[in-house]
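# Report on the structure
Okay, here's what each chain looks like letter by letter:
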Amino acid sequence: MTIHNARANGASFFLDKDGFQLCRHQTKCHNLEELQSDVQLAEIYCREIEAFLRELTGGTLAVVRRDSVQVRCSINVNPAISMTTPVRFAHSDNTDLSAQDGIQSIMDQMADRKVPFNPDQYSRYAIYNIWRCFSPAPQDIPLAVCDPHSIELSDEFVATSVKRGSNNEDIFHDTTVYRYNLKHRWLYFPNMNSEEVVIFKQHDTKGTLQRTPHTAFDDPTCPTGLPTRKSVEVRAAVFF
C-alpha cells in the first residue's frame, strides 16, 4: 500500500470529520519510558490527557483507562521496564460490541476510586486512542492511520486478541481487523516529536465514523543506525 505524508501541502485532519487528528500537547512527564512501571507518573500523565481531551472535544467528562497505558519499542534495551513491540497489522482496538468492555473497565475504575459515575446520564460517548512518539525524529517504525471514509463494511472482520494478564491468566478481547482493499487511503505524520500526539477514534455511539484502522510500518526512507521508535499510548472515553 502507498502511505501518504499527512503533513504534505498543509493538510489538516479533524476527529469528527476524519476520525483522527494531530495535536500539540506538552506533558510535564519527562520520563515517558517509565510510564508503565511508575504508577504515580502514569497518574499524572492520565490526568493531563483527560484535561486535554475535554478541551479538544468539548466533552463533559474524559476518563483514561489506567490499565491502557502502553509503552512500545521494537527493541527493549531495559529489561527492568516492561514494553511491547509495535503492532504491524491493520486493526482497530474494538468492535461495536467489545467497546462496551472498555466502558465497564472505566466503571470499575471509578468505583475503585469511589467516584460517582453513571454512563446512562450521558447521551453519547466516544473512545479514542492517544498516541505519542518520544524518540527523536526521524522514526523507523511510524504509526499509520487509514482514512475511515475509504473503508467498506465488507473489509472488516472480528479477531479475538489473547493477552497474558498480570496473574498469568488469558485475557480475551475482540478487535476489528481489515482485509486488503486497494481503495484504502493510508497516511502518517513523519518526524513526530514528543510535543505532538495523534488522536484517533476507536468507537462512537453517534456519528458515522466508528473507528480508525491503524498499524505500525517500517519506513524505508528512514536512515539506518538511528535509535528505534519509542512511543506511549493510552485509551480514553469521552462522555457528552
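The structure under discussion appears in the preceding block.
Residues numbered from 1 in each chain as written. Predicted model: local features only at pLDDT ≥ 70, side-chain atom pairs only at ≥ 80, totals over all residues. Heavy atoms only, no water.

### Topic: the overall build of the protein
Selection criterion: Here a strand is any run of E in DSSP of at least two residues, a helix any run of H or I of at least four, and the numbering for each starts at the N terminus. Atoms considered for the radius of gyration are the C-alpha atoms alone. The globule rule reads 2.2 Å times the number of residues to the power 0.38. Values of accessible area rely on a 1.4 Å probe in the Shrake-Rupley scheme; residue burial ignores everything except the protein chains shown.
For the protein, the count of helices and strands is 3 helices and 13 strands. Expected size for 240 residues packed as a compact globule is a radius of gyration near 18 Å; at 17 Å, the protein falls within 12% of this value. Dimensions of the protein, computed from C-alpha atoms along their principal axes, come out at roughly 50 × 45 × 35 Å. Here the protein displays about 12200 Å² of accessible surface, and carbon together with sulfur accounts for 52% of that area.

### Digging into helix α3 (residues 99–112)
Convention followed: By definition here, a helix of n residues has an expected span of 1.5 Å times n minus one. Each residue gets one of three labels from its accessible area relative to the maximum for its type: buried under 20%, exposed over 50%, partly exposed in between, using a 1.4 Å probe on protein chains only. Comment: arc refers to directions from the helix axis out to C-beta atoms. Whether two residues are in contact is decided by their heavy atoms, any of which lying within 4.5 Å being enough.
With 14 residues, α3 should cover 20 Å at 1.5 Å per step; its first-to-last C-alpha distance of 20 Å lies within 8% of that length. Every buried residue of α3 is listed here: Ala99, Gly102, Ile103, Ser105, Ile106, Gln109 and Met110. Down the axis, α3 shows its buried residues gathered within 155° of arc, on one side only. Across α3 from its buried face, at more than 90 degrees, point the exposed residues Ala111 and Asp112. In this fold, the buried residues of α3 make contact with β3 (61–64), β6 (125–133), β11 (196–204) and β13 (230–239). Backbone geometry just downstream of α3 places lysine 114 in the positive-phi region, at approximately 55°.

### A few points about the pairing of β11
Definition in use: A pair of strands is labelled paired if DSSP reports no fewer than 2 bridges between them.
Of all 9 residues in β11, 9 are buried, a share of seventy percent or more. For strand β2 (residues 20–24) and β11, the ladder comprises 5 bridges, and the chain directions are antiparallel. Among the inter-strand pairings, leucine 22 is bridged to a residue of β11, identified as valine 198.

### Looking at the nonpolar core
Defined as follows: Note on terminology: a nonpolar core comprises buried Ala, Val, Leu, Ile, Met, Phe, Trp, Tyr and Cys residues joined through side-chain atoms within 4.5 Å.
One finds Leu35, Tyr45, Leu53, Tyr128, Ile130 and Ile199 to be the most contacted residues of the largest nonpolar core, which totals 27 residues. At the level of elements, α2 (39–57), β3, β6, β11 and β13 are the ones that each hand at least two residues to this core. It is α2 that contributes the most residues to this core, 7 residues altogether. If sequence neighbours within four positions are ignored, tyrosine 128 has contacts with Leu15, Thr57, Ile199, Phe200, Lys201, Gln202, Val234, Arg235, Ala236, Val238 and Phe240.

### Let's talk about unusual backbone geometry
Cis peptide bonds are those with omega within 30 degrees of zero, and the linkage from alanine 137 to proline 138 qualifies with 0°. Among the structural elements, proline 138 can be located in the loop between β6 and β7 (143–146). At asparagine 9, a position not held by glycine, the phi torsion is positive, near 60°. The backbone phi angle of lysine 114 is positive, close to 55°, even though this residue is not glycine. Counting through the fold element by element, lysine 114 comes out in the loop between α3 and β6.

### Here's the deal with the pattern of salt bridges
Quick reminder of the rule: For this document, the term salt bridge refers to a Lys or Arg side-chain nitrogen within 4 Å of an Asp or Glu carboxyl oxygen.
Counting across every chain of the model gives 19 salt bridges. We note a salt bridge from aspartate 16 to lysine 201, for which the minimum N-O separation is 3.8 Å. Taken together, the residues span a long stretch of sequence, with aspartate 16 in helix α1 (residues 15–18) and lysine 201 in strand β11 at a distance of 185 residues. Looking at aspartate 16, the relative accessible area reads 53%, which means it is exposed. Looking at lysine 201, the relative accessible area reads 3%, which means it is buried. Between arginine 211 and aspartate 96 there is a salt bridge; the shortest N-O distance is 2.8 Å. With arginine 211 in the loop between β11 and β12 (214–216) and aspartate 96 in the loop between β5 (91–92) and α3, this residue pair connects regions lying 115 residues apart in the sequence. A single network of salt bridges, built from pairs that share partners, joins Asp16, Arg124, Lys201 and Asp204.

### What about the environment of isoleucine 3?
Secondary-structure assignment places isoleucine 3 in strand β1 (residues 3–5). You can call isoleucine 3 partly exposed: its relative accessible area is 27%. Not counting residues up to four positions away in its chain, the partners in contact with isoleucine 3 are Ala144, Trp186, Leu187, Tyr188 and Phe217.

### As for the side chain of threonine 228
We apply this condition: Any pair of N or O atoms that falls within 3.5 Å is considered a polar contact. Within protein, one atom must be able to donate a hydrogen and the other to accept it, and sequence-neighbouring residues count only if both atoms are side-chain atoms.
Secondary-structure assignment places threonine 228 in the loop between β12 and β13. At 2.6 Å, the side chain of threonine 228 and the side chain of serine 74 are in polar contact. Threonine 228 has contacts with Cys73, Ser74, Ile75, Ser135, Asp140 and Ile141, leaving out every residue within four places of it along the chain.

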